[in-house]
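Topology and contacts: notes
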Amino acid sequence: MRAASHPASNGPAGRTGTAPGPALADLMRDLAATPPDVWDPGVDALALWSDTLADVARERPDGADGPTAHGPAEPLAPLAQGPTRAAIGILAALLHGPALRPWTGWWASERLTEAAQRMVGTLAAYVPPTQWVADSRSREEAARLFLELLGLRPAGESEAVATDRLTALSSPALAAALAELAQEQRRVAELAAQLADKRAREAAARTTYV
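Source: prediction; values computed, not measured.

Focus: the overall build of the protein
Counting secondary structure elements, the protein contains eight helices and two strands. Tracing the protein from N to C terminus, the helices and strands come up as β-α-α-α-α-α-α-β-α-α. Considering only contacts in the protein between residues 6 or more positions apart, those separated by 24 or more positions represent 80%. Summed over its atoms, the accessible surface of the protein is roughly 11300 Å², and 57% of this surface lies on carbon and sulfur atoms.

Written out as structure tokens, the structure is:
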């Protein structure tokens, strides 16, 4: 039986706000309990996502499945191969898990697929899906980011607190900060080398004209 349908808020890009969601600890527990079959290379991740949409997405008024065999899941096709394939299985398991079960029927299929695209395309580039499950810090980041993309925030947290904590954990932001630091260190090293070269040339010139 489906839960009552609720309007979900917009996503992070131009969102109007987030709604209270499940307890963060509960979602992290569901991540840790990800079934082992998501790592099976024989699993059809796109078919799995299609089945997940049929189970948890808001029903279409006309009951249509969409224009292709996989319907609203089709945009995930490029991510359903290789190392990101398992990430789709992890998100499918999360949407079926106890923590998010009360929100079954909140989102349209396209909205869930968009959230999965952004989640996999953003986080998996910096944090391997295996760490979403095995590493406590990565589990928290994955849980917070997925809630954010779904228009939810951890239970008991204000929007400001949820945003601040996600930003503090953000692997993409951390990677950008480290890249900026490395670039700055390269600039400092280049300036030091240029200064040393200039001093060496000046010293050579003084020696020549003494």
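That covers the picture; the talk isn't over yet.
Here we look at the packing of aromatic side chains
Overall, the coordinates contain two aromatic pairs when judged by the stated rule. Ring geometry for Trp 103 and Trp 106: centres 6.4 Å apart, planes at 65°, overall edge-to-face. Judged by its relative accessible area of 13%, Trp 103 is buried. By relative accessible area, which is 11% here, Trp 106 ends up buried. Residues Trp 106 and Trp 107 carry aromatic rings whose centres are separated by 6.1 Å and whose planes lie at 50° to one another, so their mutual orientation is tilted.

Structural notes on the side chain of Glu 141
By the secondary structure assignment, Glu 141 is in helix 6 (residues 136-150). Assessed through its relative accessible area of 2%, Glu 141 is described here as buried. If we skip the residues at most four places from it in the chain, Glu 141 touches Leu 123, Val 127, Leu 166, Leu 169, Ser 170, Ser 171 and Pro 172.

As for the environment of Met 28
With respect to the helices and strands, Met 28 occurs in helix 1 (residues 24-32). For the pair Met 28 and Leu 94, spaced 66 residues apart in sequence, the C-alpha separation works out to 9.4 Å. Excluding its chain neighbours within four sequence positions, the residues that come into contact with Met 28 are Ser 136, Arg 139, Glu 140 and Ala 143.

Re the nonpolar core
Among the nonpolar cores identified, the biggest contains 46 residues, and Trp 49, Leu 91, Leu 100, Leu 112, Met 119, Trp 132 and Phe 146 are the most heavily contacted of them. The set of elements that each furnish at least two residues to this core consists of helix 1, helix 2 (45-56), helix 3 (85-96), helix 4 (109-123), helix 5 (129-134) and helix 6. In this structure, Leu 91 is in contact with Trp 49, Ala 116, Met 119, Val 120, Trp 132 and Phe 146, ignoring residues within four places of it in sequence.

Some details on the packing of helix 4 against helix 6
In contact at an axis separation of 9 Å, helix 4 and helix 6 are set at 145° when each is read in the N-to-C sense. Handedness of the crossing formed by helix 4 with helix 6: right-handed. On the side of helix 4, the interface is formed by Arg 111, Leu 112, Ala 115, Arg 118, Met 119 and Leu 123, while helix 6 contributes Glu 141, Ala 142, Leu 145, Phe 146, Leu 149 and Leu 150.

A few points about the environment of Ser 136
On the secondary structure map, Ser 136 appears in helix 6. Accessibility expressed as a relative area gives 44% for Ser 136, which makes it partly exposed. Residues Ser 136 and Arg 29, spaced 107 residues apart in sequence, show a C-alpha to C-alpha distance of 10.0 Å.

Thoughts on the packing of helix 3 against helix 4
When two helices pack together, their arrangement is given by the angle between the helix axes and the distance between those axes. Close contact between helix 3 and helix 4 brings their axes to 10 Å; oriented N to C, the two are set at 135°. Regarding the angle of helix 3 to helix 4, the classification is oblique. Crossing angle aside, the handedness with which helix 3 passes helix 4 is right-handed. Side by side, helix 3 and helix 4 meet where Ala 87, Ile 88, Leu 91 and Leu 95 of the first sit next to Leu 112, Ala 116, Met 119 and Val 120 of the second. Residue classes in the contact of helix 3 with helix 4 are distributed as eight nonpolar, no polar and no charged.

Brief notes about the confidence of the model for the protein
Summary statistics for the protein give a mean pLDDT of 82 and a share of 82% for residues scoring 70 or more. Here helix 8 (residues 171-209) stands out as the least confident element of the protein, with mean pLDDT 77; helix 1 is the most confident, with 97. Per-residue pLDDT stays below 50 along residues 1-16; that stretch engages in 41 contacts with residues further than four places along the chain or on separate chains. Contacts for the low-pLDDT stretch residues 63-69, under 50 throughout, to residues beyond four places or in other chains number six contacts.

The rules behind each value
Residues numbered from 1 in each chain as written. Predicted model: local features only at pLDDT ≥ 70, side-chain atom pairs only at ≥ 80, totals over all residues. Heavy atoms only, no water. Helix = DSSP H or I, 4+ residues; strand = E, 2+ residues; numbered from the N terminus. Contact = heavy atoms within 4.5 Å. Areas by Shrake-Rupley, 256 points an atom, 1.4 Å probe, with all protein chains shown as cover. Phe/Tyr/Trp six-rings, centres within 6.5 Å; stacked < 30°, edge-to-face > 60°. Buried < 20%, exposed > 50% of the residue type's maximum accessible area, 1.4 Å probe, protein only. Core = buried A, V, L, I, M, F, W, Y, C linked by side-chain atoms within 4.5 Å. Axes fitted to C-alpha atoms, helices over the stretch in contact; angles between N-to-C directions. Left-handed = near helix turned anticlockwise from the far one by under 90°. Parallel < 35°, antiparallel > 145°, perpendicular 65-115°, else oblique. Nonpolar A, V, L, I, M, F, W, Y, C, P; charged D, E, K, R; others polar. pLDDT = per-residue confidence, 0-100.

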